[in-house]
Amino acid sequence: MNIQITPTQHSRLPEIDFDNLPFGQICSDHMLIMDYADGGWQQPRITAVENFSIHPANLALHYGQSIFEGMKATKHVDGTPLLFRVEAHADRINTSARRMCMPEIPEELFYSCIETLVDVDRNWIPPGTGSALYIRPFMFATEEFIGVRPSRNYRFVIFTCPVGPYYAKPVSLRAEDTYVRATPGGVGEAKTAGNYAASLYPAKLANEAGYDQVMWMDPYEFKYIQEVGTMNIFFIIEDVIYTPKLNGAILKGITRDSIISILKADGHKVVQKPLSIKKVIKAHQRGDLQEVFGSGTAAVISPVHRIAARGEVMDLSVENYKIAPYLKSYIEELRTGRREDPFEWVQPVRSSVAAMA
């Protein structure tokens, strides 16, 4: 489809301090909108960022048909905008769409929408190390009807935000023993809004107890580790790298998958299996727990310096970590063209429109 572009008449770019970027609070000039009606996707359009007008009977507000993705654009050292694993994000948003009974987006159309919007707002990509243009594609129901059934109409939107690092320092975790994030057969694999709403109260309790995030456990015995906050999680025990096995309750993290590929290519042993908190505690008591870190699009790699679980508090020497900082540097160097890309994950943005200041 052709993408209709109506550029803003009042760019806010000159007002932005790229050396001081809070995460997710500053939007760039433009957004893309594409509506689904009469059984098909309509012409996408790029306009200035503006508010939506939504009917009070909007189905998404009542029954939660809302999904999203998170990805980043960076710049090559020569200034070319770069995207990272777009096809994986296209696949995952369609996986979420199927689970939430929403229409899928053809991969080429998804890519074209992302690429064109980033091209329009390429000057919003921050130049600093660890910074990026965060890209938020999302879809929600738009039919005006009070009744529990899938909507017939939807809106797909993409907006972007220049961002700095998500976590500026190592994080602390508290293993949850009351609330659960997801169960196999549920919607844990889908990036649907309700998953994140359900996590807010346990996260609030963890914050009040002095911890940055929740470490989610299995929903049956609170024995096996699932995720950490909104990230996947890795443990290094006696030089073996463990991460919980995907089971339908754990999000298929694209950064997670990238990390596993990098580690295996480097010759590391990576084990994907159910990982009990008991195993982690015993490894820490023996002095064999070498590193713990979360992974996700926003944070990339987030080292963990403390874990509270089952009456134990495990303090970790983040200053001695080797694998976590290596992986973060590896991915950031891929995203700026400072490292060869053996996986063919990085895609340059083809300039199809005039760049706008």
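All residue numbers refer to positions counted from 1 along the written sequence of the respective chain. For this predicted model, a pLDDT threshold of at least 70 governs which residues receive local features, and a threshold of 80 or more governs which side-chain atom pairs are given and counted, while totals over whole chains, interfaces and linings are taken from all residues. Water and hydrogen atoms were dropped before computing side-chain values, which therefore reflect all heavy atoms in the structure.

### Remarks on the side chain of glutamate 143
Going by this rule: Per the convention used, a helix needs a DSSP run of H or I reaching at least four residues, while a strand needs a run of E reaching at least two, with both numbered from the N terminus. By the criterion applied in these results, polar contacts are pairs of N or O atoms within 3.5 Å in which, for protein atoms, one can donate a hydrogen and the other can accept it, and in which residues neighboring in sequence qualify only through two side-chain atoms.
Topologically, glutamate 143 is positioned in the loop between strand E8 (132-141) and strand E9 (154-163). Among the polar contacts listed, one links the side chain of glutamate 143 to the backbone nitrogen of arginine 152, at a separation of 2.7 Å.

### Considerations on the packing of helix H5 (residues 254-265) against helix H7 (residues 323-334)
Angle between the axes and distance between the axes are the two parameters that describe a pair of packed helices. This is how it is decided: Under this scheme, a helix contributes an axis fitted over its contacting stretch, all axes are lines through C-alpha atoms, and angles between N-to-C directions fall in the 0 to 180 degree range. The labels follow the angle: roughly parallel below 35 degrees, roughly antiparallel above 145, roughly perpendicular from 65 to 115, and oblique for the rest. Pairs of residues are marked as contacts when any of their non-hydrogen atoms sit within 4.5 Å. When residue character is reported, Ala, Val, Leu, Ile, Met, Phe, Trp, Tyr, Cys and Pro are called nonpolar, Asp, Glu, Lys and Arg charged, and the others, Gly included, polar.
Running from amino to carboxyl end, H5 crosses H7 at an angle of 105°, the nearest separation of the two axes being 11 Å. When the axes of H5 and H7 are compared, the pair comes out roughly perpendicular. Counting all contacts with H5, which are made through Thr255, Ile259, Ile262 and Leu263, the residues of H7 involved are Ile323, Tyr326, Leu327, Tyr330 and Ile331. Residues of the contact of H5 with H7, tallied by class, amount to eight nonpolar, one polar and no charged.

### A closer look at a nonpolar patch on the surface
Selection criterion: Patch members must show over 30% relative accessible area and no salt bridge, and they are joined within 9 Å when carrying like charges or within 5 Å when they are nonpolar side chains of Val, Leu, Ile, Met, Phe, Trp or Tyr. Per-residue accessibility takes into account occlusion by the displayed protein chains alone, with areas from the Shrake-Rupley method and a 1.4 Å probe. Salt bridge, as used here, is a side-chain nitrogen of Lys or Arg placed within 4 Å of a carboxyl oxygen of Asp or Glu. Residue burial is assigned from relative accessible area. The probe radius is 1.4 Å, only protein chains are included, and a residue is buried under 20% of its type maximum, exposed over 50%, and partly exposed in between.
Taken together, the side chains of Phe52, Ile54 and Leu61 present a nonpolar region at the surface, about 270 Å² in accessible area. Take phenylalanine 52: it is sitting in the loop between strand E4 (45-48) and helix H1 (59-63). The class for phenylalanine 52 is partly exposed, based on a relative accessible area of 30%.

### Structural notes on helix H2 (residues 86-99)
To keep things clear, this is the line we draw: An expected span of 1.5 Å times one less than the residue number is assigned to each helix.
For H2, built from 14 residues, the straight-helix expectation of 20 Å at 1.5 Å per residue is met to within 8% by its first-to-last C-alpha distance of 20 Å. Turning to H2, its buried residues number three or more, namely Val86, Ala88, His89, Ala90, Arg92, Ile93, Asn94, Ser96 and Ala97.

### With respect to helix H4 (residues 193-208)
With 16 residues, H4 should cover 22 Å at 1.5 Å per step; its first-to-last C-alpha distance of 24 Å lies within 8% of that length. Those residues of H4 not exposed but buried are Asn195, Tyr196, Ser199, Pro202, Ala203 and Ala206. Contacts from the buried residues of H4 go to strand E5 (66-68), strand E10 (171-175) and strand E11 (213-217). At the C-terminal side of H4, glycine 210 shows a positive phi close to 95°.

### A few points about unusual backbone geometry
The phi torsion at arginine 85 lies on the positive side, around 55°, for a residue other than glycine. Of note, the phi angle at arginine 310 is positive, near 50°, even though the residue is not glycine. With respect to the helices and strands, the residue arginine 310 is situated in the loop between strand E17 (300-309) and strand E18 (312-315).

### What about the pattern of salt bridges?
In the structure shown here, the tally under the stated rule is 16 salt bridges. A salt bridge links glutamate 208 to lysine 204; the nearest nitrogen and oxygen atoms lie 2.7 Å apart. Note that glutamate 208 and lysine 204 are positioned in helix H4 at a spacing of four residues, about one turn of the helix. Here glutamate 208 falls in the exposed class, since its relative accessible area comes to 55%. Residue classification places lysine 204 among the partly exposed residues on the basis of a relative accessible area of 42%.

### Here's the deal with the side chain of arginine 85
Looking at the element boundaries, arginine 85 is found in the loop between strand E7 (81-84) and H2. Classification of arginine 85 by relative accessible area gives buried; the value is 10%. A distance of 2.9 Å separates the side chain of arginine 85 from the side chain of aspartate 257, its partner in a polar contact. Other than its neighbours up to four places away in sequence, arginine 85 contacts Ile254, Asp257, Ser258, Trp345 and Gln347.

### Some remarks on the packing of H2 against helix H3 (residues 107-120)
Definition in use: Put simply, a crossing is left-handed when the front helix is turned counterclockwise from the back one by less than a right angle, and right-handed when it is turned clockwise.
Following both chains from N to C, one finds H2 and H3 inclined at 120°, their axes separated by 10 Å at the closest point. One element, H2, and the other, H3, form an angle in the oblique class. You can see that H2 and H3 cross each other, and the crossing is right-handed. Contact residues: Val86, Glu87, His89, Ala90 and Ile93 in H2; Glu107, Phe110 and Tyr111 in H3. Here the residues of the contact of H2 with H3 are counted per class, giving five nonpolar, one polar and two charged.

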